[in-house]
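In case you want the letters, here they are:
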Amino acid sequence: GETIPYTGIRWRPLEAPAVTKNVLLTVDTKGRIQHWHATSNKLLNTINVEGNELLCTDYKPDGTMFVTGGRDSALRVYDEQTRKKVLTLEGSHNQPGHSNKVFCSKYYKEDDNLIVSGGWDNNIIVWDVREGEPVRFIPGPHICGDSVDMCEGFLLTGSWRAEEQLQFWDLGTGQLIIAPSWSPEGGANTEPTYIYSAQFLKTNGDLVLAGGSENNEVKLFDRSNHFNVIATITDLSRAIYTVDFSNEGDRFAVGGGDGLIRIFELEKTAYQ
């Protein structure tokens, strides 16, 4: 049969009011939104978004809603219990929306009325679901994967390009704070890495993890110490498409084109 790539995956938050635990939400390039029971491998539900290619998804922190984005440039918010669409976030006559594929859509955990999205149109948009429209535009980042994250009023973006791949912004003002150097001065390998995935440490945001293609590297940055690089994973044969810190912050996982998931232990002494 036809192989359909999965492009977004999220565990349903434990806070969700539903009885069933261990539920996974997935989206794919055929426009399907699916809920799975991970324990029994059962497919619980499918929503078909006709004619669309879905590229990202995320849960509201309390698990009551989720958002999807994809080829048609609109974001859609669904009610988790009824599985019905409750809101479409797109451009209007007052405000432009995205004008190309959306590759990342993420709820801001510290204010879950805000959703931040990015994609091929080189625009980060901050949406307020109460208004149903954008409240801020941050031009510049070229997003091609799960490479937007927020922590304590700061925004992290990872762009698929040769320079200023990693950028750190003030979410409130939209001002750029720093674009850490990817290749440290004097490093043996000076080839750029084009970023597909970037994330803050989930416990306190002190570390930043990012990985990508071309040079096929993963780097770990210490945000609490001038974004110094404290670890680099190199010599990977294929691109890295996804990175994720554990909830406890004691390890991280990376996955990519070679079909392997690698898990690394994180020693506190490395950055404290």
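For the structure, check the block above.
The structure contained in this document is the topic of the report that follows. The structure presented is a predicted model; accordingly, all values stated were derived computationally and were not measured.

Cut-off values and rules
Residues numbered from 1 in each chain as written. Predicted model: local features only at pLDDT ≥ 70, side-chain atom pairs only at ≥ 80, totals over all residues. Heavy atoms only, no water. Helix = DSSP H or I, 4+ residues; strand = E, 2+ residues; numbered from the N terminus. Rg over C-alpha atoms; globule rule 2.2 N^0.38 Å. Buried < 20%, exposed > 50% of the residue type's maximum accessible area, 1.4 Å probe, protein only. Contact = heavy atoms within 4.5 Å. Areas by Shrake-Rupley, 256 points an atom, 1.4 Å probe, with all protein chains shown as cover. Lys, Arg positive; Asp, Glu negative; His and termini not counted. Charge placed at Lys NZ, Arg CZ, Asp CG, Glu CD. Pairing = 2+ DSSP bridges. Axes fitted to C-alpha atoms, helices over the stretch in contact; angles between N-to-C directions. Polar contact = N/O pair within 3.5 Å; in protein donor to acceptor, adjacent residues only side chain to side chain.

1. Considerations on the overall build of the protein
Link 1 in the chain: Secondary structure summary: the protein contains zero helices and 23 strands in total.
Link 2 in the chain: The C-alpha radius of gyration computed for the protein amounts to 18 Å, which stays within 12% of the reference 19 Å derived for 272 residues, consistent with globular compactness.
Link 3 in the chain: Each principal axis of the C-alpha distribution contributes one length, and for the protein these read about 55 × 45 × 35 Å.
Link 4 in the chain: The burial tally for the protein puts 49% of its 272 residues in the buried class.
Link 5 in the chain: Of all intrachain contacts in the protein linking residues separated by at least 6 positions in sequence, the fraction that spans at least 24 positions is 40%.
Link 6 in the chain: About 13,000 Å² of surface is accessible on the protein, with carbon and sulfur atoms providing 47% of the total.
Link 7 in the chain: Once the 25 positive and 37 negative side-chain charges of the protein are each reduced to a mean point, those two points are 7 Å apart.

2. A short note on the sheet that holds strand S23 (residues 261-265)
Link 1 in the chain: Pairing is antiparallel in the open sheet, where three strands are placed in the order S21-S22-S23. Unpaired on one side and paired on the other, strand S21 (240-245) and S23 mark the two borders of the sheet. With strand direction ignored, the average angle separating the axes of adjacent strands in the sheet is 20°.
Link 2 in the chain: Where S21 and strand S22 (residues 251-256) come together, five bridges link them in antiparallel fashion. Of the residues in S22, the one forming a bridge with valine 243 is valine 254.

3. Describing the side chain of serine 73
Link 1 in the chain: Here serine 73 lies in the loop between strand S6 (65-70) and strand S7 (75-79).
Link 2 in the chain: Taking the relative accessible area as the measure of exposure, serine 73 reaches 16% and is therefore buried.
Link 3 in the chain: Beyond its immediate chain neighbours, meaning those up to four positions away, serine 73 contacts His98, Ser99, Asn100 and Val102.

4. Some details on the pairing of S23
Link 1 in the chain: Little of S23 sits out of view: just zero of its five residues are buried.
Link 2 in the chain: Pairing geometry for S22 and S23, over five bridges, is antiparallel. When the bridges of S23 are listed, valine 254 appears paired with arginine 262.
Link 3 in the chain: Between S22 and S23, which pair antiparallel in sequence order, lie four residues; one of them, glycine 259, sits at a positive phi of approximately 80°.

5. Brief notes about the side chain of lysine 106
Link 1 in the chain: Among the structural elements, lysine 106 can be located in strand S9 (residues 102-107).
Link 2 in the chain: Reaching out from lysine 106, the side chain makes a polar contact with the side chain of aspartate 146 at a distance of 3.1 Å.

What is shown is where atoms sit, not what they do.
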